[in-house]
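In case you want the letters, here they are:
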Amino acid sequence: MLDFFTIFSKGGLVLWCFQGVSDSCTGPVNALIRSVLLQERGGNNSFTHEALTLKYKLDNQFELVFVVGFQKILTLTYVDKLIDDVHRLFRDKYRTEIQQHSALSLLNGTFDFQNDFLRLLREAEESSKIRAPTTMKKFEDSDKAKKPVRSMIETRGEKPKEKAKNSKKKGAKKEGSDGPLATSKAVPAEKSGLPAGPENGVELSKEELIRRKREEFIQKHGRGTEKSSKSAKSDAPKEKGKKAPRVWELGGCANKEVLDYSAPTANGTPEAALSEDINLIRGTGPRGQLQDLDCSSSDDEGAAPNSTKPSATKGTLGGMFGMLKGLVGSKSLRREDMESVLDKMRDHLIAKNVAADIAVQLCESVANKLEGKVMGTFSTVTSTVKQALQESLVQILQPQRRVDMLRDIMDAQRRQRPYVVTFCGVNGVGKSTNLAKISFWLLENGFSVLIAACDTFRAGAVEQLRTHTRRLSALHPPENHGGRTMVQLFEKGYGKDAAGIAMEAIAFARNQGFDVVLVDTAGRMQDNAPLMTALAKLITVNTPDLVLFVGEALVGNEAVDQLVKFNRALADHSMAQTPRLIDGIVLTKFDTIDDKVGAAISMTYITSKPIVFVGTGQTYCDLRSLNAKAVVAALMKA
Amino acid sequence: MASVDSRRVGDGSGAGGTFQPYLDSLRHELQQTDPTLLSVVVAVFAVLLTLVFWKFIRSRRSSQRAVLLVGLCDSGKTLLFVRGNSLNLIDLPGHESLRLQFLERFKSSARAVVFVVDSAAFQREVKDVAEFLYQVLIDSMGLKNTPSFLIACNKQDIAMAKSAKLIQQQLEKELNTLRVTRSAAPSTLDSSSTVPVQLGKKGKEFEFSQLPLKVEFLECSAKGGRGDAGSADIQDLEKWLAKIA
């Protein structure tokens, strides 16, 4: 039932492969490597590619990857356990060959794993068959049939209690039926903690049964909320004596004691508490002076050097001790060791304006990559994790082929058609300003530019572009370029259809021989469906060569939402097989952030497209290209 | 201490015979000076010595004996690495996000660079190949000891493969335009970075012979004529490697 199972080293050498079907497995595996492992999305361990689901496991100690592929429509429950078993067996069996970490040993070793693998596969398939879902219990087998009818008679005063009992029983029964369905996946600890009541078969007395069920119910619902446990505790002794009406914590009640959340323990000195609060509010120390900021030193050993020399000596000394430690025994990283460091890193990234869920995913991926890895002799956990995180950040910032606009414009020139660039983004990010900067740069390089004013909504948009055109024209008058107008504005006023104006602009440029057309669109919020449709229509109809999303560096978690929704809108409204999505990002207002450069990471992670330009001001010269190392250095700086 | 040093330096050229009373006087001086100061100086000297040795050993270990295999994804680097028998081959990843990082790490210890090109898919990938080659050339030219370059046109066993001569011409044309566009790109964020190096001569069309490095082209096929089982057709490559080593 498996399509394939393959084991390969991280360097790309396939050590062993099992192919259940005749299709080659290289395509899906390459896609897995390219989209997941190299883009740091290795947080969860499954990936879908066309009709196959691929599950993978990394062995960071020996630098191996185990991948299994099966049809998406099947839900095979034994796959995770199979991967683990195969991993363990393979590692133990070929430990000597793979330990040496050199490619020659990998090549020379023969990995005759077929029989073992088939055996494991057979075992896994059989074990999954055993745990097939059981048939439903008949009524006679259930507990309700066993209970006497008298207990189920409802009387007016006891109605709420009865309801509670029934719901608790339902909850407990669900627990019971979940038991046999437990798959090889780990059942969450909370559920397994509760005893399976009805399965016990012990004849409990009625009151004990009721009390136990009530406690289970309280336990289940009381875990999340603190006040429910308090009221539950106050309820339980009350219930023992008399049959008071049940208090539903989540349903709200008019009971004054339950609603009183003041601290029950401090019963004597409310004034003392008040004075303490005033001190805190005033924020002064005992002597009325402002307390200093205490900068607690972070607990990364040797990772904040002031100058290179002391760190070098410290490194050498640490290195020598590390060498001694290395002689004693090498340490492999476990997830618990990395937990605290990763938490700190995650908070650091979030503090640097990386979107929260991206920081989480990144740290997950780094943890996955480092788990089980044997640390070098001269490194601590913190330094290893930091190094890995730094590498993955640099990796993320250089996603694909660099967008070389000048090169592509030359290509378009040769084909005698204009190169069309569209700028899109939300309101106020700097589309028009950066469009002017880019036209200036293109003019400096000798290309003629037509600016298409497709922002027909915002008051003053056309005038703004006209002013820019006038200025640029003054800087590059036609006399300097052999009588040719280097920059011109194409506008049709306000209120017209943007897609139509863009089409006319491109036709005009082709007739007049302009090299580049820069299309300025109106800013729009990503949630505004009609405007997103209009933008998608503009892009689909005019098929620009480059779609640039303009985003400001000040944006935080919003960046994720903006980019996802823009891309989705473009994909949904396109008729083509491969829809035109955002091709590149322009990151603006970079001079307003000091080193909180996390927006760059968020945007490139979401789209996997490169940052083409960075805007660092409002004059024409404030246009830069991204330097990945500098950005990552600013990001990792404490 | 300073007085002792200067005297030592001043009379260091004295003959051996004068050494003995000199040593006595030195010992006398040392005994007179403050023992803690002496120990501190000795300790600092020992640490400096260790550092010097450390750097020496480090640089020795990563001496320039490595041959890097670079190229785009799926150009055949790993297969060449497997089939090539000489040691010191380093196979670098070709994916865009990883290539520059690994190049940074290994370029200082490179004696030679083998740039592997997929000859069959070359027509489609000309721009990507040229861009990566440009990057590698720029980086190599910035090094102290420029490594020798070999551009291996791989996958010659496929019928559609282009010849080495054709690939050379196309790359020269592409690099000609690329060097103009790359140097015209906006400067990077920290504009204190180095000015981009100009490849070749400014006025004339770009040719590989204009570079300060030695660049050669040759054809090879890592898979060999008879598929996987056949012996790889890499004699030329091995000869070149033997020449370099």
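These numbers were taken from a predicted model, which means no experiment stands behind them. (Residues numbered from 1 in each chain as written. Chains lettered and ligands numbered in written order. Predicted model: local features only at pLDDT ≥ 70, side-chain atom pairs only at ≥ 80, totals over all residues. Heavy atoms only, no water.)

**A short note on the sheet that holds strand β1 (residues 66-71) of chain B**
Residue and element names in this part refer to chain B.
For step 1, the next point in the chain: Judged by pairing direction, the sheet is parallel, and its five strands sit side by side in the order β2-β1-β3-β4-β5 without closing on themselves. Each having just a single partner strand, β2 (89-91) and β5 (215-219) make up the two edges of the open sheet. Shown here is a sheet whose adjacent strand axes are inclined to one another by a mean of 25°, direction ignored.
For step 2, the next point in the chain: Direction of pairing for β1 relative to β2: parallel, over a ladder of three bridges. Of the residues in β2, the one forming a bridge with L69 is D91.
For step 3, the next point in the chain: Contacts from helix α6 (residues 122-141) reach β1, β3 (110-118) and β4 (148-154) within the one sheet, and its direction differs from that of β3 by about 170°. (Pairing = 2+ DSSP bridges. Helix = DSSP H or I, 4+ residues; strand = E, 2+ residues; numbered from the N terminus. Axes fitted to C-alpha atoms, helices over the stretch in contact; angles between N-to-C directions. Contact = heavy atoms within 4.5 Å.)

**Here's the deal with the interface of chain A and chain B**
For step 1, the next point in the chain: Contact with chain A, which involves 40 residues of that partner, is made by 36 residues of chain B.
For step 2, the next point in the chain: When chain A packs against chain B, close to 3,300 Å² is buried across both sides, 62% of that on carbon and sulfur atoms.
For step 3, the next point in the chain: For the chain A face of the interface with chain B, the top three residues by lost area are R401, R402 and R407 of chain A, together amounting to 16%.
For step 4, the next point in the chain: Linking chain A with chain B are five salt bridges. (Buried area = accessible area lost by both parts, 1.4 Å probe. Salt bridge = Lys/Arg side-chain N within 4 Å of Asp/Glu carboxyl O.)

**A word on helix α17 (residues 405-414) of chain A**
Residue and element names in this part refer to chain A.
For step 1, the next point in the chain: Buried residues dominate α17, accounting for eight of its ten residues.
For step 2, the next point in the chain: Considered for burial, the residues of α17 that qualify are M405, L406, R407, D408, I409, M410, D411 and A412.
For step 3, the next point in the chain: At the C-terminal side of α17, Q416 shows a positive phi close to 60°. (Buried < 20%, exposed > 50% of the residue type's maximum accessible area, 1.4 Å probe, protein only.)

**Quick notes on unusual backbone geometry**
For step 1, the next point in the chain: A positive phi angle, near 75°, is found at N353 of chain A, a position not held by glycine.
For step 2, the next point in the chain: Positionally, N353 of chain A belongs in the loop between α14 (335-351) and α15 (356-370).
For step 3, the next point in the chain: Of note in the backbone geometry, D74 of chain B takes a positive phi value of approximately 65° without being a glycine.
For step 4, the next point in the chain: By the element assignment, D74 of chain B lies in the loop between β1 and α4 (77-83).
For step 5, the next point in the chain: Residue D74 of chain B is classed as exposed on the basis of its relative accessible area of 51%.

**Description of the pattern of salt bridges**
For step 1, the next point in the chain: Applying the stated criterion across every chain, the model contains 26 salt bridges over all chains.
For step 2, the next point in the chain: Where R580 of chain A meets D583 of chain A, a salt bridge forms, and the shortest distance between an N and an O atom there is 2.5 Å.
For step 3, the next point in the chain: Under the relative-accessibility criterion, D583 of chain A is labelled buried at 19%.
For step 4, the next point in the chain: One salt-bridge network, held together by shared partners, links R407, D408, D411 and R414 of chain A together with K127 and E174 of chain B.

**A few points about α6 of chain B**
What sets the pattern is the α-helix's 3.6 residues per turn: residues three or four places apart point alike.
Residue and element names in this part refer to chain B.
For step 1, the next point in the chain: Taking 1.5 Å of rise per residue, the 20 residues of α6 would be expected to cover 28 Å, yet its terminal C-alpha atoms sit only 25 Å apart, more than 12% below that figure.
For step 2, the next point in the chain: At D128, α6 is deflected by roughly 40°, the largest bend along its length.
For step 3, the next point in the chain: Within α6, 16 of the 20 residues are buried, leaving the element largely enclosed by the surrounding structure. (Expected span 1.5 Å × (residues − 1). Bend = angle between axes of the 7 residues up to and from the residue.)

**Quick notes on the pairing of strand β6 (residues 419-424) of chain A**
Residues and elements named next belong to chain A.
For step 1, the next point in the chain: β6 sits mainly inside the fold: six of its six residues count as buried.
For step 2, the next point in the chain: Where β6 lies against strand β9 (residues 516-521), five bridges are found, and the strand directions are parallel. Across the sheet, the residue bridging to F423 is D520, located in β9.
For step 3, the next point in the chain: Where β6 meets strand β10 (residues 546-552), four bridges bridge the pair, whose relative direction is parallel. Looking at β10, one finds that F423 is bridged to L548.

**As for the confidence of the model for chain B**
For step 1, the next point in the chain: The share of residues in chain B with pLDDT of 70 or more is 78%, and the mean pLDDT across the chain is 75.
For step 2, the next point in the chain: Prediction confidence for the complex, expressed as pTM and ipTM, is 0.67 and 0.71 respectively. (pLDDT = per-residue confidence, 0-100.)

**A few points about the nonpolar core**
For step 1, the next point in the chain: Judged by nonpolar contacts, the single largest core of 112 residues is most densely connected at L393, M405, V421 and L442 of chain A.
For step 2, the next point in the chain: Setting aside anything within four residues of it in sequence, one finds V421 of chain A in contact with M405, V516, V517, L518, V519, L546 and L548 of chain A. (Core = buried A, V, L, I, M, F, W, Y, C linked by side-chain atoms within 4.5 Å.)

**Things to note about the sheet that holds strand β7 (residues 449-454) of chain A**
Residue and element names in this part refer to chain A.
For step 1, the next point in the chain: Pairing in this open sheet of eight strands is mixed, and the strands run β8-β7-β9-β6-β10-β11-β12-β13 from one edge to the other. On the outer flanks of this sheet lie β8 (487-490) and β13 (623-624), each paired with one strand and no other.
For step 2, the next point in the chain: Summarising the sheet, strand β11 (residues 584-588) and strand β12 (residues 611-615) pair through three bridges and their orientation is parallel. Paired with I585 across the bridge in β12 is I611.
For step 3, the next point in the chain: Running over the sheet, α17 touches β6, β9, β10 and β12 and is turned about 135° from β6.
For step 4, the next point in the chain: Relative to β9, helix α18 (residues 431-444) is tilted by about 170°, and along the sheet it contacts β6, β7, β8, β9, β10, β11, β12 and β13.

**Here's the deal with the environment of T177 of chain B**
For step 1, the next point in the chain: You can see T177 of chain B is positioned in helix α7 (residues 164-184).
For step 2, the next point in the chain: With 28 residues separating them in the primary sequence, T177 of chain B and E205 of chain B have C-alpha atoms 9.3 Å apart.
For step 3, the next point in the chain: With residues near it in sequence (within four places) discarded, T177 of chain B still touches R407 and M410 of chain A.
For step 4, the next point in the chain: At a separation of 2.8 Å, a polar atom in the side chain of T177 of chain B contacts the main-chain carbonyl oxygen of E174 of chain B. (Polar contact = N/O pair within 3.5 Å; in protein donor to acceptor, adjacent residues only side chain to side chain.)

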